[in-house]
Amino acid sequence: MEDPIQLKEEGNKYFQASDYEKAAQSYTQAIKLSKDKALQAVLYRNRAACFLKKEEYAKAASDASRAIDINSSDIKALYRRSQALEKLGKLDQAFKDAQKCATIEPRNKNFQETLRRLGADIQEKLRIQFSTDLRVQKMFEILLDENSEKEKREKAANNLIVLGREEAGAERIFQNNGVSLLLQLIETKNAELILAAVRTLSGMCTGHKARATAILHYLGIDSICMWMSVDNEEISLAVCNLLQTITDCLLGQGKEEQHGKEEALVLDTKKDLRMITTRLLDMLVSKKVSGQGRDRALNLLNKNIPRKDLKDHDNSRTIFVIDNGLKKILKVVGQIPEMPDCLPLTENTQLTASILLNKLYDDLRCDPERDNYRVICEEYIKSKIDPQNMDKTLHAIQMVSGVLQGPFDLGNKLLGMKGVMEMMVALCGSEREIDQLVAVEALIHASTKLSRATFIISNGVTLLKEIYKKTKNEKIKIRALVGLCKLGSAGGTDYGLRQFAEGSTEKLAKQCRKWLCNTTIDARTRKWAVEGLAYLTLDADVKDDFVEDEQALQAMFELAKMSDKTILYSVASALVNCTNSYDTKELVPELVQLAKFSKQHVPEEHPKDKKDFVVKRVKRLLKAGVVSALACMVKADSAILTDQSKELIARVFLALCEDPKDRGTIVAQGGGKALIPLALEGTDVGKIKASHALAKIAAISNPDIAFPGERVYEVVRPLVSLLNTERDGLQNYEALLGLTNFSGRSDKLRMKIVKEKALPDIENYMFENHDQLRQAATECMCNLVVNKEVQERFVADGNDRLKLVVLLCGEDDEKVQRAAAGALAMLTAAQKKLCSKMTEVTTQWLEILQRLCLHDNMEVQHRGLVITFNLVSADKELAKKVVETELLEILTFIGKQEDDPKKQHIINVARDCLTKCMDYGLIKPLSRA
């Protein structure tokens, strides 16, 4: 067993070396082993000092308190607790501790100064508190007075929202009966006042679990859900944000504040979370709830029920929703808007519900859980199938259709249920248009996989063609056409697997484009035309015709910008197809020969899928304004913007960024801003594609223009994520170029790159065999060494960083040499220690330095001479080393040259070196003849 006194000494050494993490660990170990109370007090107060340095103030206060419990006059512990409490905002308690310190040591100027400062801060806090209380009172008086002027009311409302976002302001509103007064504002039925009240409540709840819980209980979940159900988009959204903020606090997410000892107050949030979930599920099937409200409830469930990380084993929230609400979600997807008994819906409601079904299914952990989910669906759908009641059966088919848009594998199993397929075929032949509409949509969703499509091709194509020819209803006609489009594209991009006769797909596409451009048709129906094109554009002839039709492209982009977000996936799919940004398998020639020999099918590439055709299509899309449409799609605050949709958009962006000449246009139209969220959230593939697109922009653009303001700091993490051996060389290279560009802008950006732990990766690439990667990494390091923290890493003992840079200066690759010499010149100028260290890390330093000073490239030569000047300036011993070598001859030769404007800077540095050596008395000036 280790000795606690030894551990304490070890901790003290770490503390003196500023390694507070290891110091705290040593003290913690010593506390566990020590039985001596006096020693424990010392260890606790020492650990408190570590926590102060690490800015963990609640822990520092706690440890100092433990030391004081053992020895109440421990002056160091009292002072440390005072410092911690001050940082936690508990000025009155901090003042008391400082007062005790001053009583024990009245002559200590430090304590006297702390007392004065805390006294002044307390007075200021009381003054602000008093004025805040008055301001809050005044604001409510203006807002609740119906005779107040409109301008005054608006100003008071905005001030209240701002105050609610500040911790001190939120607490004052809360303590002064503010929640009750905000409730009165909501009950005024005035939209502006309701919005102000709800937004103030959101600010008050942010990051404060206890306050959020109290506000939830005071307002009541029923009231919150009722306000969210109103048919006013702004109010509905604001209430939704309030409920999300409360949920974040209950789940322990969001920006948690440190509340010192109040953190010890454990709030059981599970009961409240279940209450919220139950009410949201009830909203789904209530006729009193507006379509907007239903969407909000679905979005909240989508966001908060499934696990964020599948490594977390607790999926109890999902199980609870399946057991208590799966039938309610199925009821929503089974609604038919054309039926009189339909619940109020928006164009997004049913797809959002399908996405929720999918997320819940994906969140299940084992087969019994999935079987339970399937059984609930099967039983509920079976209860709806009634051959005697066609309306009831329609709902059942619509449910299957909804599940097919969610968990597809489950939807396929439901299709296999007895009577489902037969009923779909029977409905296709019905005289009622609504029956045909539901059946055609179900057929479309059923034919997503090639294997399933083969069954439908043999049965469904005939049905769809019949409906297409006979019906006069455009809505049904267009859906039947999409069904045919989908079946026609079942072979994907394989030119040899075309389902229909030559030219048929082009005819279908032409009809889709015609409908798409026809503004007299309702948007919901035109959306189906985009759906059709999403499948047909797998054919290269179709995509080539489509990008030439600017009117059709504009029509699609306009639809993408509308409130109906169900179109997002179709638009993104069509654009992925047009830009060929889908994954393609490379064909190995030997395997192709083998396949032909064994008479197996070999995928064929369409002539128009070759690179020059793709480039032309990309240019046409950029000209038509595709970037602003994509930027608008990314902003969709809806569960419909799934991770898969984000991945498709990221693929398109990457294809658009291919040509450096187009990147300025992409930035100008908002592409840089739109790519940041895509690089931070979504599928792994999507994040990589978006990060790569950002790297392409960052590599050649001015960061201040491409990513203005604070946005540029958000781009660093995606770029660093590409510095990974799992990424390909091009991604590594362009990420390094982007980071080089950023690191040359400001020290704040250099700090951000260091904080994102990019340095080890950049150093690894400096060892790379690949010339361009080594060059890019060295150039990046050349910019980063300006930063003080990076310099300190070079100074630290036990690493070969400096040796690597010195050796890179001796490389044959001129660009690597130039960057390494630049880094070495800056390091030796900034840190004198590195000058002597440079001569110790490798015996080749002198030879390398001589090569630099005699280099043909003036830039490299100048950097070599600057390094020499830094060595000479560092100290006399180093200057002596330099003078005793051939470097003196080189310096003399350069210094003696005639003045020449082209290389005057080089001659001047050589002369400065010689002058310095003369000052040391190491050389004597030559007497002129």
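Residues numbered from 1 in each chain as written. Predicted model: local features only at pLDDT ≥ 70, side-chain atom pairs only at ≥ 80, totals over all residues. Heavy atoms only, no water.

Draft legend 1. Looking closely at the side chain of Thr842. Mapping Thr842 onto the fold places it in the loop between α47 (832-841) and α48 (845-853). Among the polar contacts listed, one links the side chain of Thr842 to the backbone nitrogen of Gln844, at a separation of 3.1 Å. Discounting residues that sit within four places of it in the chain, Thr842 has contacts with Val806 and Leu807. (Helix = DSSP H or I, 4+ residues; strand = E, 2+ residues; numbered from the N terminus. Polar contact = N/O pair within 3.5 Å; in protein donor to acceptor, adjacent residues only side chain to side chain. Contact = heavy atoms within 4.5 Å.)

Draft legend 2. Inspection of the packing of helix α2 (residues 20-33) against helix α3 (residues 37-53) at higher detail. For the pair α2 and α3, the least separation of the axes is 9 Å and the interaxial angle reads 155°. Between α2 and α3, the interaxial angle falls into the category roughly antiparallel. Pair α2 / α3 crosses with left-handed handedness. Mapping the contact onto sequence places Tyr20, Ala23, Ala24, Tyr27, Thr28, Ala30 and Ile31 in α2 and Gln40, Leu43, Tyr44, Asn46, Arg47, Cys50 and Lys53 in α3. For the contact of α2 with α3, a count of residues per class yields nine nonpolar, three polar and two charged. (Axes fitted to C-alpha atoms, helices over the stretch in contact; angles between N-to-C directions. Parallel < 35°, antiparallel > 145°, perpendicular 65-115°, else oblique. Left-handed = near helix turned anticlockwise from the far one by under 90°. Nonpolar A, V, L, I, M, F, W, Y, C, P; charged D, E, K, R; others polar.)

Draft legend 3. Examining the environment of Cys240 more closely. Relative to the assigned elements, Cys240 resides in helix α14 (residues 233-251). Its relative accessible area of 9% is what places Cys240 among the buried residues. Each C-alpha atom, one on Cys240 and one on Asn577, is 36 Å from the other, the two residues being 337 residues apart in sequence. Sequence-distant contacts of Cys240, defined by excluding residues within four places in its chain, comprise Met228, Arg296 and Leu300. (Buried < 20%, exposed > 50% of the residue type's maximum accessible area, 1.4 Å probe, protein only.)

Draft legend 4. Up close: the packing of helix α34 (residues 643-656) against helix α37 (residues 684-700). Orientation of α34 relative to α37, taken along the N-to-C sense of each, is 30°, at an axis distance of 8 Å. Taken together, α34 and α37 sit at an angle that is classed as roughly parallel. By crossing handedness, the relation of α34 to α37 is classed as left-handed. Taken together, the residues of α37 that come into contact with α34 (itself represented by Glu647, Ala650, Arg651, Phe653 and Leu654) are Val685, Gly686, Lys689, Ala690, His692, Ala693 and Lys696. By residue class, the composition of the contact of α34 with α37 is six nonpolar, two polar and four charged.

Draft legend 5. Focus on the packing of aromatic side chains. Scanning the model with the defined rule gives four aromatic pairs in all. For the ring pair Tyr361 and Tyr373, a centre distance of 5.1 Å and an interplane angle of 70° mean the geometry is edge-to-face. One end of the pair, Tyr361, is in helix α18 (residues 349-362); the other, Tyr373, is in helix α19 (residues 367-382), and twelve residues separate them in sequence. Both residues of the pair, Tyr361 and Tyr373, count as buried. Ring plane angle 75° and centroid distance 6.2 Å describe the contact between Phe707 and Phe742, whose orientation is recorded as edge-to-face. (Phe/Tyr/Trp six-rings, centres within 6.5 Å; stacked < 30°, edge-to-face > 60°.)

Draft legend 6. Geometry of the pattern of salt bridges. This structure, assessed with the given rule, holds 46 salt bridges. With a closest N to O distance of 3.1 Å, Arg45 and Asp74 form a salt bridge. Here Asp74 lies in the loop between α4 (57-70) and α5 (75-87) and Arg45 lies in helix α3, a separation of 29 residues in the sequence. A relative accessible area of 6% places Asp74 in the buried class. Residue Asp363 is joined to Arg307 by a salt bridge in which the shortest nitrogen-to-oxygen separation is 2.8 Å. With Asp363 in the loop between α18 and α19 and Arg307 in the loop between α16 (291-304) and α17 (316-333), this pair connects stretches of sequence that are 56 residues apart. Overall, the relative accessible area of 12% leaves Arg307 in the buried class. (Salt bridge = Lys/Arg side-chain N within 4 Å of Asp/Glu carboxyl O.)

Draft legend 7. Layout of the confidence of the model for the chain. On average, residues of the chain score 84 in pLDDT, and 91% of them reach the 70 mark or higher. Segment residues 255-266: pLDDT under 50, and 15 contacts once partners within four positions in sequence are set aside and those in other chains are kept. pLDDT under 50 marks residues 491-501. Its contacts with residues more than four places away, or in other chains, come to 31 contacts. (pLDDT = per-residue confidence, 0-100.)

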